[in-house]
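Inside the fold
The lines below spell out each chain.
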Amino acid sequence: MSLTPQTDISRLILQLESLEHRLQLGERSVKLQLEAQQMIRTAADACFLQQNWRQEIINRAQRIAEQCS
């Protein structure tokens, strides 16, 4: 997953949904956990996101990372 500060919100949501789908399919890998943690960092640093979207993405990605622990 390659996320940059220029990544738009629709792309972030699609990537988040992909991570959630992998989790629903039973994946609990370190790779999935790292990708979720990267999503958290990206969303936290994304100035272009409205606060409510930023928090939603962070919360959902944290749930994924926690379930992979």
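Preceding block: the structure.
Let us look at the structure shown here. (Residues numbered from 1 in each chain as written. Predicted model: local features only at pLDDT ≥ 70, side-chain atom pairs only at ≥ 80, totals over all residues. Heavy atoms only, no water.)

Turning to the nonpolar core, a few remarks are in order. By size, the foremost hydrophobic cluster in this structure holds 18 residues, and its most contacted members are Leu16, Leu19, Leu32, Met39, Leu49, Ile57 and Ile64. Elements supplying a minimum of two residues to this core: helix H1 (9-24), helix H2 (30-45) and helix H3 (51-67). (Core = buried A, V, L, I, M, F, W, Y, C linked by side-chain atoms within 4.5 Å. Buried < 20%, exposed > 50% of the residue type's maximum accessible area, 1.4 Å probe, protein only. Helix = DSSP H or I, 4+ residues; strand = E, 2+ residues; numbered from the N terminus.)

To continue, consider H1. Counting along an α-helix, one turn takes 3.6 residues, and residues three or four places apart therefore face a common direction. Compared with the 22 Å implied by 1.5 Å per residue over 16 residues, the 22 Å span of H1 between its first and last C-alpha is a close match. Every buried residue belonging to H1 is among Leu12, Ile13, Gln15, Leu16, Leu19, Glu20, Arg22 and Leu23, and all of these are buried. Next to the buried residues of H1 lie H2 and H3. Just downstream of H1, Gly26 is the residue with a positive phi angle, here 105°. (Expected span 1.5 Å × (residues − 1). Contact = heavy atoms within 4.5 Å.)

With that settled, the discussion passes to the packing of H1 against H3. Angle between the axes and distance between the axes: these two values describe a pair of packed helices. As a packed pair, H1 and H3 sit with axes 10 Å apart at the nearest point and diverge in direction by 25°. One way to sum up the angle between H1 and H3 is to call them roughly parallel. Along this stretch, H1 crosses H3, giving a crossing that reads as left-handed. Residue-level inspection shows Ile9, Leu12, Ile13, Leu16, Glu17, Leu19, Glu20 and Leu23 of H1 in contact with H3, the latter providing Trp53, Ile57, Arg60, Ala61, Ile64 and Gln67. Tallied by class, the residues present in the contact of H1 with H3 amount to 10 nonpolar, 1 polar and 3 charged. (Axes fitted to C-alpha atoms, helices over the stretch in contact; angles between N-to-C directions. Parallel < 35°, antiparallel > 145°, perpendicular 65-115°, else oblique. Left-handed = near helix turned anticlockwise from the far one by under 90°. Nonpolar A, V, L, I, M, F, W, Y, C, P; charged D, E, K, R; others polar.)

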